[in-house]
Amino acid sequence: MSGYTSDNANGGRRWTDGNRVELLENGEQFFPRVFDAIREARREVIVETFILFEDKVGEQLHAALCEAGRRGLKVDLLIDGFGSPSLSPEFISGLTSAGVKVRVFDPGKRFFGQRLNVFRRMHRKIVVVDGALAFVGGINYSADHLLDFGPQAKQDFAVALTGPIVSEIHRFVLHAIAVSGGKGASWFRRRIKEGASEANPPAGSAQVQFVTRDNRRHTNDIERHYLAAIRSARQRVVIANAYFFPGYRLIKAMRRAARRGVDVRLILQGEPDMPIVKVAASMLYHHLLHAGVRIYEYCERPLHGKVALADDQWSTVGSSNLDPLSLSLNLEANVIVRDKAFNQTLWERLDALMQHSCKRIEASDLSEWSSWRLVRSFFIFHLLRWYPSWVGWLPRHAPKLEPLDTPKPQGGGATQTDAA
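Notes on the structure in this doc start here. (Residues numbered from 1 in each chain as written. Predicted model: local features only at pLDDT ≥ 70, side-chain atom pairs only at ≥ 80, totals over all residues. Heavy atoms only, no water.)

Now for the overall build of the protein. Along the backbone of the protein there are twelve helices and 18 strands. Across the 420 residues that make up the protein, the buried fraction comes to 59%. Entry remark: accessible area of the protein is about 17,200 Å², with carbon and sulfur atoms responsible for 54%. (Helix = DSSP H or I, 4+ residues; strand = E, 2+ residues; numbered from the N terminus. Buried < 20%, exposed > 50% of the residue type's maximum accessible area, 1.4 Å probe, protein only. Areas by Shrake-Rupley, 256 points an atom, 1.4 Å probe, with all protein chains shown as cover.)

Here it is, written out as structure tokens:
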């Protein structure tokens with residue numbers, strides 16, 4: 001059992017008891033559950049996503065939201081301006097004409113056809129239906145999360161949640177809409193004041209925290225949860241993360257855990273959607289392997305998951321990668337779960353990946369140390385140590401949530417390889 005007991009890793013938030021948490025793997029499990037929940041909604045649907053593409057998955061979400069809007073439900077969709085830059089006017093107008101409120105986080109402007117709104121993305125993936133059912137994870141609304149997409153189909157995870165924690169998630173998304181202003185914002189402010197998110201009844205036995213990262217009060221909450229779990233682990237730590245280039249503190253915590261006898265395993269990309277991802281992560285292999293950390297490269301297809309577990313109770317699933325963008329710039333959301341059954345389910349899925357779809361990296365697979373490698377290692381070490389400080393020099397504007405009532409062509413094309 002994990003020694004992780006801190007209630008202060010997320011700014012004083014405490015564990016919420018009485019929840020049911022169900023692991024959903026890939027689009028085949030995730031999309032039908034979300035679309036069915038939207039179709040069965042009675043009052044309200046709120047969706048936040050980084051990527052929404054106008055493909056077969058995006059069209060299914062579009063149809064479900066439009067149908068809910070035409071039934072008179074309050075429907076709100078928030079997309080990111082960088083992740084979803086090229087939705088057609090017809091796609092947007094179909095939503096707005098059905099009564100769906102569409103907002104874009106930091107739409108940005110193009111300069112010679114290039115998107116400049118690279119930093120501080122709205123990277124969360126959240127759905128809340130009727131304030132009683134929530135989905136949180138790393139899965140976007142695009143066809144590359146389905147196996148029939150082919151070799152580039154992504155491996156990913158999300159969770160479905162019921163119970164009191166959903167009330168907290170509901171308040172969070174209502175507040176995000178209320179502070180955006182524009183049409184409909186006053187309704188959401190009233191919903192918060194009227195106690196629209198009264199506590200849901202218990203639905204299970206899991207303790208859960210909803211943890212977010214922003215650029216104001218919660219700048220490192222997700223990282224702090226990871227650190228607390230790794231530092232207190234006694235038996236095992238397994239981290240599966242798509243974009244892995246964490247800060248000095250996380251690397252040090254993993255190395256120390258392995259050296260004290262904890263079975264520390266990393267599942268990273270072996271067939272990445274962007275080659276730089278593997279190059280960056282592999283620069284850390286020497287440091288980690290020599291401390292006893294076991295590294296597995298997932299080689300079946302691109303890994304997009306952002307999940308972890310420690311010992312036999314602690315787990316996390318969400319949108320946060322372990323790289324500079326997610327840890328220091330993006331708006332992210334994870335759930336932290338304290339539940340033995342869920343931990344076991346996640347372990348079984350990750351263990352299956354390691355056994356059947358991964359290549360274990362051995363020290364002998366790496367080239368020998370050289371003068372250049374020593375110099376490069378020195379600079380990487382100090383980059384990881386100090387980037388949380390210097391990253392504050394990057395643009396720190398307050399991105400807008402812009403309502404899309406009169407859609408305009410945005411031009412350009414989103415690719416299937418945006419870091420997500």
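Quick look at the nonpolar core now. Ranked by internal contacts, the top residues of the largest apolar core, which has 39 residues, are Phe 30, Leu 65, Leu 77, Phe 135 and Tyr 141. Aside from chain neighbours lying at most four places away, what touches Phe 30 is Leu 24, Phe 135, Ile 139, Tyr 141 and Ala 158. Counting residues in hydrophobic clusters, the runner-up holds 38 residues, among them Val 136, Ile 165, Ala 333 and Leu 350. (Core = buried A, V, L, I, M, F, W, Y, C linked by side-chain atoms within 4.5 Å. Contact = heavy atoms within 4.5 Å.)

On to the packing of aromatic side chains, then. Going through the model one piece at a time under the given rule, you end up with seven aromatic pairs. Aromatic pair Phe 31 and Tyr 141: ring centres 6.0 Å apart, planes at 40°, arrangement tilted. Residue Phe 31 is located in helix 1 (residues 26–39), and its partner Tyr 141 is located in the loop between strand 8 (133–137) and strand 9 (157–162); the two are separated by 110 residues in the primary sequence. Residues Phe 31 and Tyr 141 agree in their burial class; the two are buried. Arranged with centres 5.2 Å apart and planes meeting at 75°, the rings of Phe 172 and Phe 210 form a pair that is edge-to-face. Of this pair, Phe 172 sits in helix 4 (residues 165–178) while Phe 210 sits in strand 10 (residues 206–213); the two residues are 38 residues apart in sequence, bridging distant segments of the chain. (Phe/Tyr/Trp six-rings, centres within 6.5 Å; stacked < 30°, edge-to-face > 60°.)

Let us now look at the side chain of Ser 84. In this fold, Ser 84 is placed in the loop between strand 3 (74–80) and helix 3 (89–97). The class of Ser 84 is buried, set by a relative accessible area of 2%. A polar contact is formed between the side chain of Ser 84 and the backbone oxygen of Phe 50, at a distance of 2.9 Å. (Polar contact = N/O pair within 3.5 Å; in protein donor to acceptor, adjacent residues only side chain to side chain.)

Contact pair helix 6 (residues 221–232) / helix 7 (residues 248–259): the axes reach a minimum separation of 9 Å and the direction vectors enclose 15°. As far as their axial angle goes, helix 7 and helix 6 are roughly parallel. Helix-helix and strand crossings are classified by hand; for helix 6 and helix 7 the assignment is left-handed. Along its contact with helix 6, which presents Glu 223, Tyr 226, Leu 227, Ile 230 and Arg 231, the element helix 7 presents Arg 249, Leu 250, Ala 253, Met 254 and Ala 257. Across the contact of helix 6 with helix 7, the residue classes tally to seven nonpolar, no polar and three charged. (Axes fitted to C-alpha atoms, helices over the stretch in contact; angles between N-to-C directions. Parallel < 35°, antiparallel > 145°, perpendicular 65-115°, else oblique. Left-handed = near helix turned anticlockwise from the far one by under 90°. Nonpolar A, V, L, I, M, F, W, Y, C, P; charged D, E, K, R; others polar.)

What follows covers helix 6. Across its twelve residues, helix 6 extends 17 Å between first and last C-alpha, which sits within 8% of the 16 Å expected from 1.5 Å per residue. Of the residues making up helix 6, those classed as buried are Asp 221, Ile 222, Glu 223, His 225, Tyr 226, Leu 227, Ala 228, Ala 229, Ile 230 and Ser 232. (Expected span 1.5 Å × (residues − 1).)

You can see Arg 301 is positioned in the loop between strand 13 (294–298) and strand 14 (306–310). Within the buried core, Arg 301 has no salt-bridge partner, and the shortest N-O distance to an opposite charge, that of Glu 300, equals 4.0 Å. In this structure the side chain of Arg 301 is engaged in a polar contact, spanning 3.2 Å, whose partner is the backbone oxygen of Ala 153. (Lys, Arg positive; Asp, Glu negative; His and termini not counted. Salt bridge = Lys/Arg side-chain N within 4 Å of Asp/Glu carboxyl O.)

Okay, the environment of Pro 85 next. Tracing the chain through its elements places Pro 85 in the loop between strand 3 and helix 3. C-alpha of Pro 85 to C-alpha of Phe 53: the two residues are 32 residues apart in sequence and 8.9 Å apart in space.

Under the counting rule described, the total for this entry stands at 15 salt bridges. The salt bridge partner of Asp 76 is Arg 103, with a shortest N-O separation of 2.0 Å. In this pair, Asp 76 sits in strand 3 while Arg 103 sits in strand 4 (residues 101–105), placing the two residues 27 residues apart along the sequence. The exposure class of Asp 76 is buried, given its relative accessible area of 1%. Given the relative accessible area of 2%, Arg 103 is considered buried.

On to unusual backbone geometry. Located in the positive-phi region is Asn 26, a residue other than glycine, with phi close to 65°. The topology assignment puts Asn 26 in helix 1. Despite not being glycine, Asp 130 has its phi angle at roughly 55°, a positive value. Within the fold, Asp 130 resides in the loop between strand 7 (126–129) and strand 8. On the accessibility criterion, Asp 130 (15% relative accessible area) is buried.

Within the secondary structure, Asp 55 is located in the loop between strand 2 (44–49) and helix 2 (56–70). Note on Asp 55: relative accessible area 16%, which makes it buried. Note: C-alpha distance between Asp 55 and Tyr 141 (86 residues apart in sequence) is 8.8 Å. Of the polar contacts made by the side chain of Asp 55, one reaches the backbone nitrogen of Val 57; its length is 3.1 Å.

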